[in-house]
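# Fold and geometry: a report
Chain by chain, the residues:
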Amino acid sequence: MSRRVHRLPADDLSNGWSALLPSRTARPALEGAQAFDWVVVGAGYAGIAAARRLAEQQPGASIALVDAGEVGENASGRNSGFAIDLPHSPGTSPALTEQGRRAIRVGRFALGELDHLIRQHGIACDWDRRGRYHAAVTTKIADQALKNYAANLDSWGEPYEWLERQALKDRLGTDYYRAAIYTPGTYLMNPAALVRGLADSLPEQVTLFENSAVLEVEFEGASRLVRTQQGRIRFGKLILAVNAFSPSFGVYRDRQVPILLFASLTKPLSPAQQGRLGSDTSWGITPAHSVAGSTLRLTSDKRLLIRHGFEYSPSLRSGEVRRQAAKAAQLQLLKRRFGELGELEIEHFWMGWLAVSRNHAPAFGQVAQHVYAASCCNGSGIVRHTAAGLLIADLALGRHNSLIDDFLVHGTASYIPPRPLQDIGVRLQMRWELARGRAEE
Ligand SMILES: Cc1cc2nc3c(=O)[nH]c(=O)nc-3n(C[C@H](O)[C@H](O)[C@H](O)COP(=O)(O)OP(=O)(O)OC[C@H]3O[C@@H](n4cnc5c(N)ncnc54)[C@H](O)[C@@H]3O)c2cc1C
């Protein structure tokens, strides 16, 4: 039985990170009838890592990596560019501490893999171990979320600094934050440059097809195939690495919800504006309130990045009115923090989708006899979905890897009722979270 893919990605050509890079020629689209041992759909961190792992483990196998768009224009190239090494945990009981340690093991493994590939292939993506400030605007959230995070870090024996308002002003140039926890292990980068570099350094036995949206899949039986507008591939095994688009393939429909995020990059700050910032030459801030708060960066070329907005988006589309409102809100939020800098101008504004689950666990595993899927990044996909891609390949190869158990330490994504019940439940929950965190914007 074949399945039609009912919702396709649509690139709006707005990604600010790729606008900063030289143009890249996409690989040819899939044409005609072909056959591969493996097909991986989705060329983000997950799909690229899966394809590379398959090639390493089966040097004789043929592998097709198929993407609807161009590499770097997906969520993997549109994010805020934080490769985060440490998880968050709701508590510090011995069981939770052990679960956290196992999640750290997975994260460090994936970060090590990225770091190795960047060096090996000379990927120029501003990869820099700047660490991250996890910041609260209000005393209430500092007392709740930051103190809890400090307790997590103590229980894992991870180093950190607790910084109050004035220390943050000295380093970052804004006194907007009540307090922050600085941890040193996060890498910052241009994510579009990173994902392009990863795709363009894949081994020869991986054939990348871009601008090749999969329109139909046949999972079962002897005639397993994926079909695009101009071609089709018969495959031995299939890995779906399409994150927010998994439900369009009939996979994880009742496990994950799509979330729309917005981001902006300003023009480079003038030398006078740079002089009014703090002592850190570039930095990254993540919000202690993950739904209502804003992510910020000072990039290496002295632009400010802001990521704000967290919306349930079942249509995987957004209109111009909403975009303009989100862009205006981001400029206001920048001015609130950096009023002393005077005029700030947004040069690039874009949006992107990711997937979250109710219990923050990944959607990961075998979904049909010859089909595997890794999805639902829950917002930290640079590291987590690099791991997910490597590990789903190992699972599909039948290769034992104890990191799979560590990756699934919180289980897999739990059940979410179907639409329209899902719409009501998720919208109510999100409205409540946003109202509760309004002061953390
Ligand atoms: C604005 C924003 C900020 C973020 N900030 C961060 C951050 O700072 N740090 C972090 O770790 N994470 C961040 N994330 C999340 C992170 O980007 C994702 O978790 C990660 O990119 C997921 O990778 P992926 O490979 O699973 O999916 P994706 O990058 O979404 O790739 C899926 C691919 O599947 C393809 N696809 C879908 N349907 C089809 C089809 N029918 N046929 C062919 N191909 C198809 C798409 O074209 C796409 O290329 C952010 C996300 C956004 C949107």
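Residues numbered from 1 in each chain as written. Predicted model: local features only at pLDDT ≥ 70, side-chain atom pairs only at ≥ 80, totals over all residues.

The next thing to look at is the domain arrangement of the chain. As assigned here, the chain comprises domain 1 (2-78 + 193-256 + 358-427) and domain 2 (129-187 + 257-357). Counting only elements with at least two residues in the side of domain 1 that touches domain 2, the list comes to α1 (16-19), α3 (75-78) and α12 (421-437). Among the elements that line the side of domain 1 that touches domain 2, the one with the most residues is α12, at four residues. (Domains from an automatic or database assignment. Helix = DSSP H or I, 4+ residues; strand = E, 2+ residues; numbered from the N terminus.)

This paragraph deals with the nonpolar core. Generally speaking, soluble globular proteins have nonpolar side chains that are buried together. One finds V39, V40, A50, I63, I239, L240 and I392 to be the most contacted residues of the largest nonpolar core, which totals 128 residues. Broken down by element, the residue count for this core peaks at ten residues, all from helix α10 (residues 381-397). The residues that make up this core include at least three from each of domain 1 (2-78 + 193-256 + 358-427) and domain 2 (129-187 + 257-357). (Core = buried A, V, L, I, M, F, W, Y, C linked by C-beta atoms within 7 Å. Buried ≥ 20, exposed ≤ 12 C-beta atoms within 10 Å, placed from the backbone.)

Here we take up the site of the ligand. For the ligand, the set of nearby residues contains 43 residues, the closest of which are G44, N79, G352, C377 and G381. For the shell around the ligand, the secondary-structure elements that each account for two or more residues are α2 (45-57), α3, β13 (257-266), β17 (346-356) and α10. Looking at the shell around the ligand element by element, the count peaks at four residues for α10. (Near = placed C-beta within 6 Å.)

With that settled, consider α2. The end-to-end C-alpha distance of α2 is 18 Å, a good match for the 18 Å that 13 residues give at a rise of 1.5 Å each. Within α2, eleven of the 13 residues are buried, which leaves it mostly tucked inside the rest of the structure. Restricting attention to buried positions, one finds in α2 the residues Y45, A46, G47, I48, A49, A50, A51, R52, R53, L54 and A55. (Expected span 1.5 Å × (residues − 1).)

Let's shift gears to the environment of V426. Structurally, the position occupied by V426 is in helix α12. V426 sits in the buried class, given 20 other C-beta atoms within 10 Å. Residues V426 and E311, spaced 115 residues apart in sequence, show a C-alpha to C-alpha distance of 9.7 Å. Contact partners of V426, with chain neighbours within four places excluded, come to V257 and Y312. (Contact = placed C-beta atoms within 7 Å.)

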